[in-house]
Amino acid sequence: MISLLRLVVSLRLIIEVAGYTSKPTKVQLRQLITVRLQTSIATLLGRAIRYEGRARRKPATPSSPPAYLLGESGLKIMSAESEELSGKSDLDNTFGGKSRKRGLERRPALVFLRGELLAVPIPLERTEVTIGRALDADVRVNDTRASRLHARITTESNEATGEKRFRLSDLGSTNGTLLNGLPVDEAYLQDGDKFEVGDQLIRFEMLDEIDREFQKQIHRLLVHDDLTGLLTSKSFFSELRRESARAAAESMPFCVLMMDLDYFKKVNDSYGHLVGSETLEEVGAVIRKSLRAGDVAARFGGEEFAAFLLDADYAQGLVAAERVRAEIEKYEFPAVRRDSGMPRKTHHIKISIGIASFPDDARDPIQLVEMADSALYRAKRSGRNRVCAYRPSLAETERPLRSRS
């Protein structure tokens, strides 16, 4: 099984790397390995489950209902007869007519293979879709090598066949648009084509509903912390850079919060690491519930969390941070594992928070995180279980709080 998995991943990487114009970097290879490894594991597990189930049940009849199987392009609907008996492969069953006969409509989508939107499936639902780093681009990428409006994909109708076709056009970009490794001004996209916009590698695919859901699940695995469901630190910085560019363009304030649980080691020492993990999971839920729907929270690792609050000045950021601190302090966290069967016991934990504001403290998003982290450690040194601003003098105000859009 392991050898087969390595072979599958290696073959896929060879195919992907062939789309690069130059030797990919270690980071690019690591990103490809992440997506391809998870897809290959899903494929092999799906087949193993199918074969095991086939051995346990009676031979299927043609009238048996279809079964769902994890395959190379996501969940596939398989006929009751095996592909070996029918003489057709997974590819035949998915793209050769089976899915179409069962009414699964395939729609065009862009799947990012490299860049901040890694594994994100973006449906092409408009007649024209622009890609670039401008705020008004339909697909906005935070990439300095991409032009403001870099490329456009236009949906057209083939006069001869009546079928839809998709034209990729470069919009006079500085660094050009590469299709399957070659520079193009205009070209029609085929299923599986890869094109580059700046440092972003994007694949054009025709996906059915099940494929799209599979891609979304892969994206969730890559960008969300598996314990708390919050963003990972890498995804947090991607979103922060994106939103800080929008805030600068629209002259809109926002705040960054850095948060750290106080004396969390005592939880692990007193109740065990499994209870500690469940505590972190519920801390993530409390933070998410305490913030507005439009705010973004992340787990940086261990017991450290972060958030940024859109359209929030210093005063509003302090109110939100204090709300998080108070909710954590009063929350009753379980002191025994949920499935232990033991009587319910609870424990309490506290949190320290540092805050920095855009543009009052800095305009660079990374610098803002560093300033909020500095304020966090001042909160720790001042006694913990409190909120500290990077510049207290700027945070102090008697003005009524303005409404946040």
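It should be emphasised that the depicted structure is a prediction, and the values quoted were computed from it without experimental measurement.

Caption draft 1: Spatial organisation of the overall build of the chain. Broken down by element type, the chain carries 12 helices and 20 strands. Burial statistics for the chain: of 405 residues in total, 49% are counted as buried. Considering only contacts in the chain between residues 6 or more positions apart, those separated by 24 or more positions represent 59%. Entry remark: accessible area of the chain is about 21,200 Å², with carbon and sulfur atoms responsible for 52%.

Caption draft 2: Spotlight on the sheet that holds strand β6 (residues 139-140). Strand order in the open sheet made by the five strands is β6-β5-β7-β8-β11, with mixed pairing throughout. What marks the edges here is a single partner per strand, and that holds for β6 and β11 (186-188). Where strand β7 (residues 151-157) lies against strand β8 (residues 164-170), seven bridges are found, and the strand directions are antiparallel. Paired with serine 157 across the bridge in β8 is lysine 164.

Caption draft 3: Focus on the confidence of the model for the chain. For the chain, the average pLDDT comes to 79, and 72% of its residues sit at 70 or higher. In this model residues 17-22 is a low-confidence stretch, pLDDT under 50, and it forms 14 contacts with partners more than four residues away in sequence or in other chains. Segment residues 44-101: pLDDT under 50, and 80 contacts once partners within four positions in sequence are set aside and those in other chains are kept.

Caption draft 4: A look at unusual backbone geometry. With an omega of 0 degrees, the peptide bond between phenylalanine 358 and proline 359 qualifies as cis. Structurally, proline 359 can be placed in the loop between β19 (350-358) and α11 (365-381). With phi around 50 degrees, aspartate 311 is a residue other than glycine that occupies positive phi space. Mapped onto the secondary structure, aspartate 311 falls in the loop between β16 (304-310) and α10 (314-330).

Caption draft 5: Molecular detail of the environment of aspartate 136. Within the element layout of this structure, aspartate 136 appears in the loop between β5 (128-132) and β6. As a C-alpha pair, aspartate 136 and arginine 148 span 12 residues in sequence and 8.9 Å in three-dimensional space. Apart from residues lying up to four places away in sequence, aspartate 136 is in contact with Thr130 and Leu149.

Caption draft 6: Inspection of the pairing of β16 at higher detail. Of all seven residues in β16, seven are buried; the element is thus mostly enclosed. Because side chains alternate across β16, one face comprises the buried residues Glu304, Ala306, Phe308 and Leu310, and the other comprises Phe305, Ala307 and Leu309, equally buried. Bridging between strand β14 (residues 254-262) and β16 involves seven bridges; their strand directions are antiparallel. For valine 256, the partnering residue across the bridge sits in β16 and is phenylalanine 308. Alignment of strand β15 (residues 296-301) against β16, held across five bridges, turns out to be antiparallel.

Caption draft 7: Focus on the pattern of salt bridges. Evaluated as defined, the whole model comprises 24 salt bridges. Put simply, glutamate 105 and arginine 107 hold a salt bridge, and the shortest N to O gap is 3.5 Å. Judged by relative accessible area, glutamate 105 falls into the exposed class, the value being 51%. Taking relative accessible area as the criterion, arginine 107 reaches 43% and is therefore assigned partly exposed. Across the pair lysine 265 and aspartate 269 runs a salt bridge whose closest N-O atoms are separated by 2.8 Å. Placement of the pair is lysine 265 and aspartate 269 together in helix α8 (residues 265-271), with a separation of four residues, close to one helical turn. The pair lysine 265 / aspartate 269 is uniform in exposure class, with both members exposed. Connected via shared salt-bridge partners are Glu156, Arg165, Arg167 and Glu186.

Caption draft 8: Expanded view of the nonpolar core. Formed by 28 residues in total, the largest nonpolar core has its most connected members in Leu257, Met259, Leu261, Ile287, Phe305 and Ile328. Contributions of two or more residues to this core are made by β14, α9 (273-290), β16, α10 and β19. It is α10 that contributes the most residues to this core, five residues altogether. Other than its neighbours up to four places away in sequence, methionine 259 contacts Ile287, Glu303, Glu304, Phe305, Ala306, Ala307, Val324, Ile351, Ser352, Ile353 and Leu376. Formed by 24 residues, the second largest nonpolar core is a distinct cluster that contains Leu124, Val184, Ala187 and Val197.

Caption draft 9: Main features of helix α7 (residues 233-250). With 18 residues, α7 ought to run about 26 Å at 1.5 Å a step, and its terminal C-alpha atoms sit 25 Å apart, in line with that. Every buried residue belonging to α7 is among Ser235, Phe236, Ser238, Leu240, Arg242, Glu243, Ser244 and Ala247, and all of these are buried. The positive-phi residue at the C-terminal boundary of α7 is serine 251, with phi of around 50 degrees.

Caption draft 10: A look at the side chain of aspartate 361. Following the sequence through the fold, aspartate 361 ends up in the loop between β19 and α11. Residue class for aspartate 361 comes out buried when judged on its relative accessible area of 6%.

Caption draft 11: Region of the structure containing the packing of aromatic side chains. For the structure shown, the criterion picks out seven aromatic pairs. Plain terms: the ring middles of phenylalanine 237 and phenylalanine 300 are 5.7 Å apart, the flat faces sit at 45 degrees to each other, and that makes the pair tilted. Note that phenylalanine 237 is positioned in helix α7 and phenylalanine 300 in strand β15, a separation of 63 residues in sequence. Taking the relative accessible area as the measure of exposure, phenylalanine 237 reaches 21% and is therefore partly exposed. Taking the relative accessible area as the measure of exposure, phenylalanine 300 reaches 23% and is therefore partly exposed. Consider the rings of phenylalanine 254 and phenylalanine 358, whose centres lie 4.8 Å apart with planes at 20 degrees: the pair is stacked. Residue phenylalanine 254 is found in strand β14, and its partner phenylalanine 358 is found in strand β19; the two are separated by 104 residues along the sequence. In this structure an aromatic cluster arises from ring pairing among Phe236, Phe237, Phe300 and Phe308. Taking NZ or CZ as reference, lysine 266 lies 4.7 Å from the ring centre of tyrosine 263, over its face. We note arginine 384 situated over the ring of tyrosine 263; from NZ or CZ to the ring centre the distance is 4.5 Å.

What counts and what doesn't
- Residues numbered from 1 in each chain as written.
- Predicted model: local features only at pLDDT ≥ 70, side-chain atom pairs only at ≥ 80, totals over all residues.
- Heavy atoms only, no water.
- Helix = DSSP H or I, 4+ residues; strand = E, 2+ residues; numbered from the N terminus.
- Buried < 20%, exposed > 50% of the residue type's maximum accessible area, 1.4 Å probe, protein only.
- Contact = heavy atoms within 4.5 Å.
- Areas by Shrake-Rupley, 256 points an atom, 1.4 Å probe, with all protein chains shown as cover.
- Pairing = 2+ DSSP bridges.
- pLDDT = per-residue confidence, 0-100.
- Salt bridge = Lys/Arg side-chain N within 4 Å of Asp/Glu carboxyl O.
- Core = buried A, V, L, I, M, F, W, Y, C linked by side-chain atoms within 4.5 Å.
- Expected span 1.5 Å × (residues − 1).
- Phe/Tyr/Trp six-rings, centres within 6.5 Å; stacked < 30°, edge-to-face > 60°.
- Lys NZ or Arg CZ within 6 Å of the ring centre and 35° of its normal.

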